[in-house]
Amino acid sequence: MVNLRRQLAARAPALVRRLSTEVKAAEPLKQDDTLYRRLSKLGKIKGMVASTINEYIREGRIVGKADLGKCVRELRKYKRYDQALEIMEWMEFRKFNFGYKDYAIRLDLIAKVKGIAEAEFYFSHLPASARVQCTHGALLNSYCVEKMTDKALDLFDKMVKENMINVPLPFNNLMTLYLRSGQPEKVVSLYEDMKKMNIRPDTVTHNLLMNSYSHLNDIEGVERVFEEMKLENWKQCDWTTYSNLAAIYTKGGYQEKAKLALKNLEERMGAHDREAYHFLISLYAGISDLDNVHRVWKLLKSTMKVVTNRSYLVMFQALGNLNDIEGMKKCFTEWESVCCSYDLMLLNAVIGPYLKHDMLEEAESALERATKKTKGPFLRQLEMFMVFHLKKGQIQQALEIMEMITSKVENDEWRFKPHTIGRFLDYFKQKGDVSSAEEFYKLMKKINCVDSSLYVSLLEIYAGAGQTMVDMRARIKRDGVEMSEEIERLLASVCPE
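Every value quoted in this text rests on a predicted model; they were computed, and no experiment measured them.

Colleague: Honestly, the packing of aromatic side chains in this entry has me stumped. Any pointers?
Modeller: Geometry of an aromatic ring pair is reported as the spacing of the ring centres plus the angle between the planes. Throughout the structure, instances matching the rule amount to 18 aromatic pairs. Arranged with centres 6.0 Å apart and planes meeting at 45 degrees, the rings of Y312 and F316 form a pair that is tilted. Here Y312 and its partner F316 are both found in helix α19 (residues 309-321), four residues apart, which amounts to about one turn of the helix. Taken individually, Y312 and F316 each receive the classification buried, so the pair is uniform in this respect. Between Y427 and F428, the ring centres sit 6.3 Å apart and the planes meet at 80 degrees, which makes this aromatic pair edge-to-face. You'll find Y427 and F428 in the same group, each marked buried. An aromatic cluster of at least three residues, connected via ring pairs, comprises W297, Y312, F316, F332, W335 and Y342.

Colleague: How should the environment of R224 be read in this particular structure?
Modeller: Summarising the element assignment, R224 is placed in helix α14 (residues 219-233). Overall, the relative accessible area of 39% leaves R224 in the partly exposed class. Setting aside chain neighbours within four positions, we find R224 in contact with Y213 and D218.

Colleague: Which parts of the structure should I look at to understand empty space enclosed by the protein?
Modeller: Unfilled space is identified by rolling a water-sized probe across the atoms. In the structure shown here, the tally under the stated rule is one cavity of 30 Å³ or more. In this structure, the largest cavity occupies an estimated 50 Å³ of space. In terms of lining, the largest cavity is formed by D108, A111, K112, N141, S142, V145 and E146. Elements that contribute at least two residues to the lining of the largest cavity include exactly α7 (100-114) and α9 (133-145). Residue composition of the lining of the largest cavity, grouped by class: two nonpolar, two polar and three charged.

Colleague: Explanation requested: unusual backbone geometry in the structure shown.
Modeller: Working note: non-glycine residues mostly have negative phi, and peptide bonds are mostly trans. In this model, K95 sits at a positive phi of 65 degrees, which is unusual for a non-glycine residue. In this structure, K95 sits in the loop between α6 (81-93) and α7. Residue classification places K95 among the exposed positions, given a relative accessible area of 70%. Although it is not a glycine, D358 adopts a positive phi angle of roughly 60 degrees. Taking the relative accessible area as the measure of exposure, D358 reaches 47% and is therefore partly exposed.

Cut-offs applied
Residues numbered from 1 in each chain as written. Predicted model: local features only at pLDDT ≥ 70, side-chain atom pairs only at ≥ 80, totals over all residues. Heavy atoms only, no water. Phe/Tyr/Trp six-rings, centres within 6.5 Å; stacked < 30°, edge-to-face > 60°. Helix = DSSP H or I, 4+ residues; strand = E, 2+ residues; numbered from the N terminus. Buried < 20%, exposed > 50% of the residue type's maximum accessible area, 1.4 Å probe, protein only. Contact = heavy atoms within 4.5 Å. 1 Å grid on protein atoms, 1.4 Å probe; cavity = no way out; pocket = protein on both sides within 12 Å on 5 of 7 lines; lining within 4 Å. Points joined across faces, edges and corners; volume = space filled by probe spheres on them. Nonpolar A, V, L, I, M, F, W, Y, C, P; charged D, E, K, R; others polar.

Right, here's the structure in full:
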């Protein structure tokens, strides 16, 4: 493959032409033609679920509630919430009967996709008979996820008064909220309240309690909870307990204790528990144990009938973090030869380490092969190359890739990360490069990303270079940017009246 830098310098890169044209001729991947497979192939495309299901049915296939429920579960597992919600909306349109748990799942998806206000509206318009423990619990969980502490506590109190809390899940939700809000001490207090209500903690409760003590730097507290857990109900000490313990020990620098916890994890896990293998690989990577990462990977492959994209992703990330680039390259080549659904997340997981180690040709080659297997527009991948050149001080190449990205963006669907924007602007300030800064401004305007902070930086670049722009004030007004005191101050030198 021709070097991307030379392609960019010629301003007619072959790779980009392929990104624009070859995707239309991407070869279909052979796979079992299930409804979930079809839905998973949609990627992150929104609004296509209903037509996909309808087409599947028109082909003479039967789709029942159980089939759709399985698709919803899988899509939620992989955080494809938009499409999971579209399935439930299709089901409602087709008059499927919803049970209480269906209402709860839909409420959770609405909160994730459309926001809390829409979730509250949906909850308030449920039949009174459907506003039960699980739907209240779904709303409580949504409040906790969004760290809306006051609303979460109010709803929790209501559930207590109406005798809706007889399982540990609502307590676990609040404990998670406190941990995420930096209040681990409140988890301990909540645990005491739970015992007073005679609600038996589950494995998740104990794991959260151990994490709270970890955040309080109380390793003895962590171990005390673990010992209590073994005494009260040793069956609750499943592999997730040892996984949690290993992560805590690793974070605290207790390497030997972490290794022992991982050994116990492996003894406790089921032979066909895919998620346990994933945690083992990641946790062994966390203690820089490359040999065991490879050993567990071989064990996973020999045990599982199918090695999923998720499993490969976990392995790529582990090898990348351990700088085993050759091992990652070999594993990636293996995945490319067997994958039945090309996931760009896996491509990202290898391009990053390649570029980190200045292996530009390998990264380009991986992207080129991807263009033959799946559709673009490859915005995230192009951004990774852009940042690579930016870090190298190759500003022109970075700008040209940025131009490619902005030419593919539709409906304001893409935003560059703030630190990436900042890196461009810092370079322009340091070099006093007004011309490149203006080119950058035009590209940002193209994707509707011009704001007051961008203008402040642009004006600082002009001022630092000792240059003026007679129509800068008018341009700011045309762009609908509010005049701040800082902008006015800078305009005094850049665009004197």
